[in-house]
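# Architecture at a glance
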Amino acid sequence: MLLQRSVEEQQFNLRSGAEIIIATPGRLKDVIERHVIVLSQCRYIVMDEADRMVNLGFEADLTFILDKLPSDTMEGEDQGEQMDVDGETMIKKGRNRVTTLFSATMPPPVERLAKKYLKRPAIITIGEAGRAVDTVEQKVEFVNGDEKKKCVLDIWTLLMSLTWIL
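The rules behind each value
Within each chain, residue numbers correspond to sequence positions counted from 1 in written order. Local features in this predicted model are restricted to residues of pLDDT 70 or higher, and side-chain atom pairs are both shown and tallied only at a pLDDT of 80 or more, whereas totals for entire chains, interfaces and linings draw on every residue. Excluded from the side-chain calculation are hydrogens and water; included are all heavy atoms of the structure. Helical segments are the DSSP runs of H or I of at least four residues, strand segments are the runs of E of at least two, and each set is numbered from the N terminus. The cut-offs for exposure are 20% and 50% of the maximum accessible area for each residue type, with area from a 1.4 Å probe on protein chains only; residues under the lower value are buried, those over the upper are exposed, and the others partly exposed. To measure how exposed things are, a 1.4 Å probe is used in the Shrake-Rupley method; for residues, cover is taken only from the protein chains shown. In this description, the arc belongs to the directions extending from the helix axis to the C-beta atoms. Contact definition: two residues touch when any of their heavy atoms are within 4.5 Å. The term nonpolar core refers to a set of buried residues drawn from Ala, Val, Leu, Ile, Met, Phe, Trp, Tyr and Cys, joined through side-chain atoms within 4.5 Å. Candidate patch residues must exceed 30% relative accessible area and have no salt bridge, after which like charges are joined if within 9 Å and Val, Leu, Ile, Met, Phe, Trp or Tyr side chains if within 5 Å. Should a side-chain nitrogen of Lys or Arg be within 4 Å of a carboxyl oxygen of Asp or Glu, the pair is scored as a salt bridge. A pair of strands is labelled paired if DSSP reports no fewer than 2 bridges between them.

Turning our eyes to something else, we now look at the overall build of the protein. Helices and strands together make up the secondary structure of the protein, namely 6 helices and 4 strands. Going through the 166 residues of the protein one by one, you find that 23% of them count as buried. Accessible surface computed for the protein: about 13,200 Å², of which carbon and sulfur atoms make up 52%.

Below is the structure:
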């Protein structure tokens, strides 16, 4: 059962801190504008169904949110502080943000988001662009309240492993 929570209850919970926030673009923009959260320590962002969000009119909200992310975490992998380790000069990598965008299609607004906010994106095409593929299996699983946290963490772990494979 999906429970809707009041804005006030969500704000109270967010002020207590959160490791993972799952939100619609509109609600996330709202809590940012209300100064309930700041994204200065955000290290991972996942935009799933980007084409659907754009079609539903959330492109401006996505741009607002992505612009609020700290730009210093977008420095390239070659950037970093030099340090000496046992006589060798090493580069200490900064804490870069991992930004992922998943989309079934790539309409121009999604391409704009990808070009502006992703570094070295990997584009994976399954089958022929614009056509459904019969070999892709989709599943829906219903989980009870106690299982939700574990499922979210399992999905998060899978997404992060895919990010590093790419």
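After that view of the structure, there is still more to cover.
A word on helix α2 (residues 25-33). By the burial criterion, the buried members of α2 are P25, L28, V31 and I32. The arc that holds every buried residue of α2, seen down its axis, measures 135 degrees, which confines them to one face. Buried residues in α2 make contact with α1 (7-15), α3 (50-55) and α4 (59-68).

A few words on the environment of V152. Looking at the secondary structure, you find V152 in helix α6 (residues 145-165). As a C-alpha pair, V152 and I20 span 132 residues in sequence and 9.2 Å in three-dimensional space. Dropping the residues within four chain positions of it, V152 is found in contact with I20 and I22.

In terms of nonpolar packing, the biggest core is built from 23 residues, with I37, L39, L66, L101 and L113 touching the most fellow members. Counting residues per element, the ones that place at least two in this core are α2, β1 (44-47), α3, α4 and α5 (108-117). It is α5 that contributes the most residues to this core, 4 residues altogether.

What follows concerns the environment of K68. Following the sequence through the fold, K68 ends up in helix α4. Assessed through its relative accessible area of 45%, K68 is described here as partly exposed. Sequence separation of K68 and L39 is 29 residues, and the distance between their C-alpha atoms is 6.6 Å. Beyond its immediate stretch of four places on either side in the chain, K68 contacts I32 and L39.

A cluster of nonpolar residues, I20, I22 and L153, forms a patch on the protein surface that exposes about 290 Å² of accessible area. Its location among the elements puts L153 in helix α6. A relative accessible area of 44% places L153 in the partly exposed class.

Our focus in this paragraph is the pairing of β1. Of the two faces of β1, only one is covered, namely that formed by I45 and M47; the face formed by Y44 and V46 stays uncovered. The pairing of β1 with strand β4 (residues 98-101) spans 4 bridges and is parallel. Pairing of V46 across the sheet is with T100, part of β4.

Now for the pattern of salt bridges. This model, assessed by the stated rule, comprises 6 salt bridges. With a shortest N-O distance of 2.8 Å, D154 and K150 are connected by a salt bridge. A residue pair is termed a helical-turn pair when its members lie 3 or 4 positions apart in one helix, as D154 and K150 do in helix α6 at 4 residues. By relative accessible area, which is 40% here, D154 ends up partly exposed. Residue K150 is classed as exposed on the basis of its relative accessible area of 53%. Through salt bridges with shared partners, a single network forms among K29, E33 and D61.

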